[in-house]
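Listed below, chain by chain, are the residues.
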Amino acid sequence: MEHILVYIAFAMLMYCMFSARVGSFGITMPMVFLAIGVIGGGSSLVLDLEAASAFHDLAEVTLALLLFADATTLHRQSLVKIGQRTRRMLLLGLPFAIVIGTLVNLILLPDWPLWEACLLAALLAPTDAALGQSIQSNERIPQTFRDAMNAESGLNDGLALPFVIFFAGLAVGESDPELGSGALLSLVATQIGIGAAVGVLGGYVLGKLRNYVIARKYMDEGLSLVAALILVGFIFLAAEHAGGNSFVAVFVSGVAYANAAKGSARHARHFLEGDGQFLAMLSFFFIGALFVPEALTHLTPAGLLVVVLSLAVVRPAAIWLSLIGTKTSASERLFYGWFGPRGRATALFAVFVAMDFEGVQQIGGILVIAITAVLISAFMHGVTAKYAPELFRFGKD
């Protein structure tokens, strides 16, 4: 294991050193570390229970930081700035993607239970801002396009989380005849509700407490960023202790904290995104090393078609429908619809469901399809991002 850690550390260091040069060729960080994981880790790491448990721990930390950092952008001022198109993509596009995706899954996977088809659609709905970094740095793409896509991809993973938990709970209940539908709905709603309550209370109180200690200079400013990291851990564990869902709590606490703390809470987001970038590299490496070989081995033609349609049809159709009635051109709608890359949220949510929801009948197929979607998306969206201005002919509608 030690030689793997040295290998990972060296790869991370070299990528950081040459990241700008690598990026100029349209090669993104997820592409690099997925490939390094497959090439370097696949022969040394085996997807057994111990490896899966270790990745589960990494996934929980990464997901908690990602959700909190994204949620801190949801303060009052930012909600005004994100604009109509982003609000529609989040509030309409995401549910549309789940509904359309469920229909596609039921057609292509007719033997799957309803709630597991819904769960797979919810797992494939969130997009990843990390996979869209080459879009953000491409100055030939209009700034308004880049801002809208960045805001949507940064927030929809948190909004997709309740759907994932809800459908996973229903899928478990469907396989357990002793658990009635009413009791199951109550259990899932309670977990989400308690998690949200812990998040609101904890985020708001700690945000106000931060204002108080900063105003009176009780806090060493050098520790204020570390406090944000500890805050995430505290909320996560508090929700778990109270019987709520920890990830819902973390996301909601980020919203409450951003609105309670003075300023825009950029101190928290900036620090957590730095840690998150490090953890993202690790996550993509282990996805490539542990999960991609298994996924490609067990991928079926129907599963591959689900992935292709999710990327090329489901997401574009959902975004197109969500933007009806807005002042958006055909090029803009196609741009938003295509650049919905699947990344950390899809992979981490899938692992989270596999480890925390026993009884999901098609969990193997769900993992295979989710990991395949991340792999294909990383390369397809990474390559096409470099040529986005030529592909979508901005300003020529």
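Residues numbered from 1 in each chain as written. Predicted model: local features only at pLDDT ≥ 70, side-chain atom pairs only at ≥ 80, totals over all residues. Heavy atoms only, no water.

Caption draft 1: Seen up close, the overall build of the protein chain. For the protein chain, the count of helices and strands is 17 helices and zero strands. In the protein chain, which comprises 397 residues, the proportion classed as buried is 53%. Across the protein chain, the fraction of contacts at a sequence separation of at least 24, relative to all contacts at a separation of at least 6, is 84%. Total accessible area on the protein chain is roughly 17,500 Å²; 66% of this is exposed by carbon and sulfur atoms. (Helix = DSSP H or I, 4+ residues; strand = E, 2+ residues; numbered from the N terminus. Buried < 20%, exposed > 50% of the residue type's maximum accessible area, 1.4 Å probe, protein only. Contact = heavy atoms within 4.5 Å. Areas by Shrake-Rupley, 256 points an atom, 1.4 Å probe, with all protein chains shown as cover.)

Caption draft 2: Here's a closer look at a nonpolar patch on the surface. Taken together, the side chains of Leu 223, Val 226, Leu 229 and Ile 230 make up a nonpolar region of the molecular surface, amounting to roughly 330 Å² of accessible area. Looking at the element boundaries, Ile 230 is found in helix 10 (residues 224-242). (Patch = residues over 30% accessible without salt bridge, like charges linked within 9 Å, V, L, I, M, F, W, Y side chains within 5 Å. Salt bridge = Lys/Arg side-chain N within 4 Å of Asp/Glu carboxyl O.)

Caption draft 3: Inspection of the environment of Glu 294 at higher detail. Summarising the element assignment, Glu 294 is placed in helix 12 (residues 266-298). Taking C-alpha positions, Glu 294 is 9.5 Å from Leu 367, a pair spaced 73 residues apart along the chain.

Caption draft 4: Geometry of helix 10. Along its 19 residues, helix 10 runs 26 Å from first to last C-alpha, staying within 8% of the 27 Å computed at 1.5 Å per residue. When helix 10 is considered as a whole, its buried residues turn out to be Ser 224, Ala 228, Leu 231, Val 232, Ile 235, Phe 236 and Ala 239. Each buried residue of helix 10 sits inside an arc of 145° when the element is viewed along its axis, so together they form one side. Exposed side of helix 10, more than 90 degrees from the buried face: Ile 230, Leu 237 and His 241 are the residues found there. (Expected span 1.5 Å × (residues − 1). Arc of directions from axis to C-beta.)

Caption draft 5: A look at the packing of aromatic side chains. Under the definition given, this model contains 11 aromatic pairs. For the pair Phe 285 and Phe 286, a centre-to-centre distance of 5.2 Å together with 85° between the ring planes defines the contact as edge-to-face. Here Phe 285 falls in the buried class, since its relative accessible area comes to 1%. Accessibility expressed as a relative area gives 13% for Phe 286, which makes it buried. (Phe/Tyr/Trp six-rings, centres within 6.5 Å; stacked < 30°, edge-to-face > 60°.)

Caption draft 6: Broad picture of empty space enclosed by the protein. Evaluated as defined, the whole model comprises one cavity of 30 Å³ or more. Of the volumes computed, that of the largest cavity is approximately 90 Å³. Around the largest cavity, the lining residues are Ala 97, Gly 101, Val 104, Asn 105, Ala 121, Leu 124, Ala 125, Val 306, Ser 310, Val 314, Arg 315 and Arg 342. Contributions of two or more residues to the lining of the largest cavity are made by helix 5 (83-108) and helix 13 (301-322). For the lining of the largest cavity, the residue count by class is seven nonpolar, three polar and two charged. (1 Å grid on protein atoms, 1.4 Å probe; cavity = no way out; pocket = protein on both sides within 12 Å on 5 of 7 lines; lining within 4 Å. Points joined across faces, edges and corners; volume = space filled by probe spheres on them. Nonpolar A, V, L, I, M, F, W, Y, C, P; charged D, E, K, R; others polar.)

Caption draft 7: Region of interest: helix 14 (residues 330-338). Counting buried residues in helix 14 gives seven out of nine residues, a clear majority hidden from the surface. Those residues of helix 14 lying buried are Ser 331, Glu 332, Arg 333, Phe 335, Tyr 336, Gly 337 and Trp 338.

Caption draft 8: Looking closely at the side chain of Thr 326. Looking at where Thr 326 falls in the secondary structure, it is placed in the loop between helix 13 and helix 14. Separated by 2.6 Å, the side chain of Thr 326 and the backbone oxygen of Leu 323 make a polar contact. (Polar contact = N/O pair within 3.5 Å; in protein donor to acceptor, adjacent residues only side chain to side chain.)

Caption draft 9: Structural view of the nonpolar core. Core analysis: the largest hydrophobic core is formed by 96 residues, its most contacted members being Phe 33, Phe 55 and Leu 119. Here this core gets 13 residues from one element, more than from any other, and that element is helix 12. In this view, Phe 33 contacts Ala 11, Met 12, Tyr 15, Met 281, Phe 284 and Phe 285; residues no more than four positions away in its chain are not counted. Grouped together as the second largest cluster of nonpolar side chains are 15 residues, Met 89, Ile 135, Ile 319 and Trp 338 included. (Core = buried A, V, L, I, M, F, W, Y, C linked by side-chain atoms within 4.5 Å.)

Caption draft 10: Structural view of the side chain of Arg 342. Mapping Arg 342 onto the fold places it in the loop between helix 14 and helix 15 (344-356). Judged by relative accessible area, Arg 342 falls into the buried class, the value being 2%. Here Ser 310 takes part through its backbone oxygen, which lies 2.9 Å from a polar atom of the side chain of Arg 342. Of the polar contacts made by the side chain of Arg 342, one reaches the backbone oxygen of Gly 340; its length is 2.3 Å.

Caption draft 11: A look at unusual backbone geometry. A positive phi angle, near 55°, is found at Lys 217, a position not held by glycine. Along the polypeptide, Lys 217 turns up in the loop between helix 9 (181-215) and helix 10. Residue classification places Lys 217 among the exposed residues on the basis of a relative accessible area of 74%.

Caption draft 12: Geometry of the packing of helix 15 against helix 16 (residues 363-385). At a minimum axis separation of 9 Å, helix 15 and helix 16 run at an interaxial angle of 165°. In terms of orientation, helix 15 and helix 16 fall into the roughly antiparallel class. The interaxial crossing formed by helix 15 with helix 16 has left-handed handedness. Listed contacts from helix 16 to Thr 346, Ala 347, Ala 350, Val 351, Val 353 and Ala 354 of helix 15 are Ile 363, Leu 367, Ala 370, Ile 371 and Val 374. (Axes fitted to C-alpha atoms, helices over the stretch in contact; angles between N-to-C directions. Parallel < 35°, antiparallel > 145°, perpendicular 65-115°, else oblique. Left-handed = near helix turned anticlockwise from the far one by under 90°.)

Caption draft 13: Quick peek at the environment of Leu 201. With respect to the helices and strands, the residue Leu 201 is situated in helix 9. Relative accessible area serves as the criterion here: at 58%, Leu 201 is assigned to the exposed category. Between the alpha carbons of Leu 201 and Ser 253 there is a distance of 7.6 Å; along the sequence they are 52 residues apart.

Caption draft 14: Looking closely at the environment of Gly 101. In this structure, Gly 101 sits in helix 5. In this structure Gly 101 comes out as buried when scored by relative accessible area, which is 6%. Along the sequence, Gly 101 and Ala 122 sit 21 residues apart, while their C-alpha atoms lie 8.0 Å from each other. The contact partners of Gly 101, leaving out residues within four places of it in the chain, are Ala 121 and Val 314.

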